[in-house]
Amino acid sequence: MTAAAAMAAYALLVGAVAPYALARARWAHRAPGIAVLAWQGLSLTFVVATVLGVGHLACSGQGVHHGLLGLLGVCGPAGLAAVPFPATPAGAASLLAPATVALLPVGALVRTVRRARRERREHADLLRMIGSEAVEHGVTVVEHARAAVYCLPGRGGRIVATRGALTALTEEQFRAVLEHERAHMRGRHHLPRMAAQGFAAAFPWLPLARLAREQTALLLEMVADDRALRFHSRDALATAMCEVAAGSVPRPALGAGGPGALIRLRRILSPQGVPSRAARLGLVAASAAAPALPLLLACGSL
Amino acid sequence: MRQLGELEAEIMDRLWTWGRPATAREIRDDLNRKRPIAYSTVKTVAEILFGKGMLAREKDGRAWLYTAACTRQRYTAARMADALEGSPDPAGALLSFVEQISADEVQALRSALRAARRRSGS
């Protein structure tokens with residue numbers, strides 16, 4: 001029971017307190033790649049803590065306390081051998097609850113990936129119909145007056161620019177945007193994005209899930225901005241952002257949070273140094289350790 | 001399946017470029033200049049496009065005459081609007097350079113850029 005309470009407290013901390021701190025953390029925008037990792041670490045931690053907490057609750061008093069942990073194998077092969085698989089129907093039922101909690105985000109992730117794949121395939125079909133290949137840039141051009149540049153990630157991925165964007169941008173500005181999109185493709189940014197989407201679909205009421213999705217999208221844009229800035233001027237990239245935004249269809253003002261575009265623009269124009277190597281290593285280690293902590297806690301409570 | 005999409009695109013491209021009604025045979029003859037393709041295949045795909053509402057057809061003697069249901073520009077505009085102005089965060093299928101923002105927010109971007117240029121210029 002104590003272990004279940006500890007897990008619940010940990011899950012609450014990770015799900016509803018830590019995300020607000022991370023969303024405000026100054027270092028996140030200075031090391032966006034690490035911050036993406038931190039959000040994924042928090043999300044995984046929440047799932048692990050919730051599964052273990054529910055498991056403890058379901059198993060307590062039924063004599064199969066060890067069964068769950070044994071099944072998960074968290075205490076190593078020795079632990080697994082020491083605890084027999086719960087053979088009784090009650091024991092099996094007590095594993096059902098944590099398994100359901102574990103399958104919730106997995107199912108949502110699978111649905112998100114399938115949906116994204118379908119949308120990408122449909123869009124690729126559309127591009128075959130209305131796009132044309134611009135050989136000199138290796139992009140697909142669509143004769144559309146509104147400005148837009150985007151990439152279609154994944155297998156057979158490509159970068160797409162509308163005529164409106166090509167008209168609005170100078171050669172140098174367009175090259176900067178292309179480098180930004182190439183960074184998305186090379187970095188396979190759609191994968192962490194889909195993970196965050198799936199997590200948010202599984203726990204729509206959870207502050208962590210909502211913030212992780214928003215922040216992951218914004219942080220990945222920053223990673224791509226940084227990549228473009230290695231080869232192109234700050235002015236070119238910032239001006240390109242203004243021009244493409246101005247040439248697209250304006251949408252009604254967003255509610256809370258405001259657009260990431262302004263945050264990105266300010267960041268491009270007035271850069272701040274990246275955190276020190278030691279600080280970066282520490283952040284990566286903490287992101288990796290957070291999901292392991294509840295496991296250690298669970299083992300210790302045996 | 002892949003080839004079907006390709007052939008659909010090629011048929012639409014012909015009809016959009018010609019801007020006049022054409023029979024499946026005419027389309028087949030034009031496609032044949034690039035690679036051999038069966039009349040029945042072209043006919044089937046034209047019927048699929050008719051079913052999708054992308055082609056209109058009318059009887060001309062014993063053959064069907066196909067026309068593009070709307071111009072390439074209008075089709076492009078409508079489909080791109082769907083793709084880019086739909087829900088702000090669909091499944092994350094496309095990664096846009098800049099998300100759509102309001103007119104006020106574009107102004108905010110512009111003034112931030114102007115301010116930065118003044119700073120670096122002075």
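Residues numbered from 1 in each chain as written. Chains lettered and ligands numbered in written order. Predicted model: local features only at pLDDT ≥ 70, side-chain atom pairs only at ≥ 80, totals over all residues. Heavy atoms only, no water.

What follows covers the overall build of chain A. When you go through chain A residue by residue, the secondary structure sums to 13 helices and 4 strands. Scored against the burial criterion, the 302 residues of chain A give a buried share of 49%. In chain A, 70% of the contacts between residues at least 6 apart in sequence involve partners at least 24 apart. Total accessible area on chain A stands at roughly 14,100 Å², and carbon and sulfur atoms take up 63% of it. (Helix = DSSP H or I, 4+ residues; strand = E, 2+ residues; numbered from the N terminus. Buried < 20%, exposed > 50% of the residue type's maximum accessible area, 1.4 Å probe, protein only. Contact = heavy atoms within 4.5 Å. Areas by Shrake-Rupley, 256 points an atom, 1.4 Å probe, with all protein chains shown as cover.)

Sequence positions flagged by UniProt for "transmembrane region" (unreviewed entry) are, in local numbering, residues 33-55 and 91-110 of chain A. Strand forms 0% of residues 33-55 of chain A and helix 100%; the C-alpha atoms that close the span are 33 Å apart. (UniProt positions renumbered as here; feature names shortened; annotations may be inferred.)

This paragraph deals with the nonpolar core. Among the nonpolar cores identified, the biggest contains 38 residues, and L265 of chain A together with F97 and L109 of chain B are the most heavily contacted of them. Those elements that provide at least two residues to this core are β2 (139-142), β3 (149-152), β4 (158-162), α8 (171-186), α10 (207-231), α11 (234-247) and α12 (260-269) of chain A together with α5 (103-121) of chain B. For this core, the element with the most residues is α11 of chain A, which contributes 8 residues. Ranked by size, the runner-up nonpolar core spans 35 residues in total, among them V14, W27, A202 and A212 of chain A. (Core = buried A, V, L, I, M, F, W, Y, C linked by side-chain atoms within 4.5 Å.)

Quick look at the side chain of D30 of chain B now. Residue and element names in this part refer to chain B. Structurally, D30 is set in helix α2 (residues 24-31). The exposure class assigned to D30 is buried, which follows from its relative accessible area of 15%. Leave out the neighbours within four places in its chain, and D30 touches R14 and W18.

Along α12 of chain A, 8 of the 10 residues are buried, which leaves the element largely enclosed by surrounding structure. Within the sequence span of α12 of chain A, burial applies to G260, A261, L262, R264, L265, R267, I268 and L269 of chain A.

All names here are of chain A. In this model, R188 sits at a positive phi of 50°, which is unusual for a non-glycine residue. Relative to the helices and strands, R188 resides in the loop between α8 and α9 (190-202). What makes R188 partly exposed here is its relative accessible area of 45%.

Since the α-helix turns once every 3.6 residues, residues separated by three or four places project in the same direction. Burial in α2 of chain B covers these residues: A24, I27, R28, D30 and L31 of chain B. Down the axis, α2 of chain B shows its buried residues gathered within 165° of arc, on one side only. (Arc of directions from axis to C-beta.)

Taken in spatial order, the 5 strands make up an open sheet running β1(A)-β2(A)-β4(A)-β3(A)-β4(B), and their pairing is mixed. A strand with exactly one partner marks an edge of an open sheet, and here the two such strands are β1 (131-134) of chain A together with β4 (95-96) of chain B. When β3 of chain A meets β4 of chain B, the two strands line up antiparallel, connected through 2 bridges. Note on β4 of chain B: the bridge partner recorded for Y150 of chain A is S96 of chain B. (Pairing = 2+ DSSP bridges.)

Now for the pairing of β4 of chain A. Residues and elements named next belong to chain A. Of all 5 residues that make up β4, 4 are buried, and the element is covered over most of its length. Pairing geometry for β2 and β4, over 3 bridges, is parallel. Bridge pairing links T140 to V160 in β4. Pairing of β3 with β4 involves 4 bridges; the strand directions are antiparallel. When the bridges of β4 are listed, L152 appears paired with R158.

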